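# Analysis of the macromolecular model
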Amino acid sequence: MAQYKLPYQRPGIFGIVVAAILWGFSGIAAQELFQHYQLQSTWLAAVRVAGAGILLALWAGPRGRTQSLRRFTTDKRRLITIIVFGVVALDGVQITFFLAIAHGTAVSATLLQFTSPVLILGWVSLRRFKAPRPLLVVLTAAALAGVFLVVTGGSSAGLAIPLTGVAWGLISAGFTALYNLLPTELLSKHNAEVVVAGAFLVGSVALLPWLILNAPAGFSTPELLMVLFVIVGGTAVPFLLYLSALATVAPLTANVVGTLEPLTAAIASLFLFNLQLSPALIAGVALVLGSVVGLSLFDRNHKLPPKELETPTR
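## Notes on the overall build of the protein
A tally of helices and strands in the protein yields 14 helices and zero strands. If you list the helices and strands of the protein from N to C, you get α-α-α-α-α-α-α-α-α-α-α-α-α-α. Put simply, 89% of the contacts in the protein that link residues at least 6 apart link residues at least 24 apart. Split by element, the accessible area of the protein, about 14,000 Å² in all, is 70% carbon and sulfur.

## A few points about the nonpolar core
If you look at the biggest cluster of nonpolar residues, it comprises 52 residues, and the most contacted ones within it are Leu44, Phe98, Tyr179, Phe200 and Val227. Elements supplying a minimum of two residues to this core: helix H1 (9–36), helix H2 (41–71), helix H3 (76–103), helix H8 (184–189), helix H9 (192–206), helix H11 (221–245) and helix H12 (251–257). Counting 20 residues, the second-largest nonpolar core is a separate cluster that includes Leu111, Ala266, Val285 and Leu289.

## Some thoughts on unusual backbone geometry
Here Gln38, not a glycine, exhibits a phi torsion of approximately 50°, which is positive. Looking at where Gln38 falls in the secondary structure, it is placed in the loop between H1 and H2. Not every positive phi belongs to a glycine, and Asn274 is a case in point at roughly 50°.

## Focus on the packing of H3 against helix H4 (residues 106–113)
Helix-helix packing is described using two parameters, namely the angle between the two axes and the distance between the axes. Orientation of H3 relative to H4, taken along the N-to-C sense of each, is 140°, at an axis distance of 7 Å. It follows from the interaxial angle that H3 and H4 lie oblique. Residues Val93, Phe97, Ala100 and Ile101 of H3 lie in contact with H4, whose contacting residues are Ala106, Ala109, Thr110 and Gln113. A class-by-class count of the residues in the contact of H3 with H4 yields six nonpolar, two polar and no charged.

## Describing the side chain of Gln113
Residue position: Gln113 is located in helix H4. Separated by 3.2 Å, the side chains of Gln113 and Ser172 make a polar contact. Within polar-contact distance, the side chain of Gln113 engages the side chain of Thr176 at 3.4 Å.

## Digging into the layout of surface pockets
Put simply, the largest pocket is a space of about 260 Å³. If you trace the largest pocket, you find 16 residues lining it, with Thr105, Val150, Ile161, Leu275 and Leu281 closest to the centre. Among the secondary structure elements, those contributing two or more residues to the lining of the largest pocket are H4, helix H6 (134–152) and helix H14 (279–297). By residue class, the composition of the lining of the largest pocket is nine nonpolar, seven polar and no charged.

## A short note on the packing of aromatic side chains
Under the defined criterion, the tally for this structure stands at seven aromatic pairs. Ring centres of Trp23 and Phe239 lie 5.4 Å apart, and the angle between their planes is 90°; on these two criteria the pair is classed as edge-to-face. Of this pair, Trp23 sits in helix H1 while Phe239 is found in helix H11, placing the two residues 216 residues apart along the sequence. Its relative accessible area of 2% is what places Trp23 among the buried residues. Ring geometry for Trp43 against Phe219: centres 5.7 Å apart, planes inclined by 40°, an arrangement best described as tilted. Placement of Trp43 in helix H2 and of Phe219 in the loop between helix H10 (208–213) and H11 is noted, with a sequence separation of 176 residues between them.

## Remarks on the confidence of the model for the protein
For the protein, mean pLDDT is 83; residues scoring 70 or higher make up 84% of the total. Considering only residues more than four positions removed or in separate chains, one finds that residues 1–8, a stretch of pLDDT under 50, has 11 contacts. Confidence drops under a pLDDT of 50 for residues 301–310, and excluding neighbours within four residues, the segment shows 27 contacts in the predicted structure.

## Some words on the environment of Leu44
Structurally, Leu44 can be placed in helix H2. The exposure class assigned to Leu44 is buried, which follows from its relative accessible area of 0%. Sequence spacing of Leu44 and Ala215 is 171 residues, and the spatial spacing of their C-alpha atoms is 8.8 Å. If we ignore the near neighbours within four places in the chain, the residues touching Leu44 are Ala30, Leu33, Phe34, Leu39, Phe98, Val227 and Val230.

Thresholds applied
Residues numbered from 1 in each chain as written. Predicted model: local features only at pLDDT ≥ 70, side-chain atom pairs only at ≥ 80, totals over all residues. Heavy atoms only, no water. Helix = DSSP H or I, 4+ residues; strand = E, 2+ residues; numbered from the N terminus. Contact = heavy atoms within 4.5 Å. Areas by Shrake-Rupley, 256 points an atom, 1.4 Å probe, with all protein chains shown as cover. Core = buried A, V, L, I, M, F, W, Y, C linked by side-chain atoms within 4.5 Å. Buried < 20%, exposed > 50% of the residue type's maximum accessible area, 1.4 Å probe, protein only. Axes fitted to C-alpha atoms, helices over the stretch in contact; angles between N-to-C directions. Parallel < 35°, antiparallel > 145°, perpendicular 65-115°, else oblique. Nonpolar A, V, L, I, M, F, W, Y, C, P; charged D, E, K, R; others polar. Polar contact = N/O pair within 3.5 Å; in protein donor to acceptor, adjacent residues only side chain to side chain. 1 Å grid on protein atoms, 1.4 Å probe; cavity = no way out; pocket = protein on both sides within 12 Å on 5 of 7 lines; lining within 4 Å. Points joined across faces, edges and corners; volume = space filled by probe spheres on them. Phe/Tyr/Trp six-rings, centres within 6.5 Å; stacked < 30°, edge-to-face > 60°. pLDDT = per-residue confidence, 0-100.

Here is the structure:
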């Protein structure tokens, strides 16, 4: 447990704080692009993956990671795994998350995606043939109750956001769980930076049709700046900050600090999208984030292996 007390942990935690805030603003920028500029969500996902993949690879190259990237092509099993990871998991997360924003809001999409730890711990319990502990059941129920309050506004009359937004958000949570579980073997043999850069590059190839076919005819200056922010400030930079922080910060701590992402989206939405605070919304956000923190702290003696928790999900 000494790693939790390392004196050089503070810069790493600061990096994760900045990364979570940037990810939160990335969702806000995406909502603005979808609502006011009618940008295609699939195109934004494609350009985000492609742009961030190039930037991450350029970062990894000078730092001696190029040989590790090439090593994927020499091992058939690892190559298949990185292809599935990039095309299915990473692309799935990006596309469904942006679709959840386009059909709902950045706040609802982020909170729904943040229920993925419930799915991860549920899968691990099944894999280990162990019945979930009572505390896990309580935390899962709290997360589901929080989601219910967010998507219904606390009313039984109907949904506060469209059903399609809820559906895409839940599908995004499923892909996020897969994204965290799939690369366990790769992370045991490669640096996380290399795995993520390789996945982005592979994923960008699969998204080329959407990148070309759904490209807008032109950009206004504000639109271009927001797209660039999604690629650089909302993807490449926070990924690098997060990955660098994992050298000194425990994955459990990183997960807890990461809850700043939906909080950032909620606070920004108050000013930019006139989000109406209601007791149901506040309670829902508190339940979801509280459950995520609780699940991260759940049973340290039987927690997920660190490699299953150290891949950023956004």
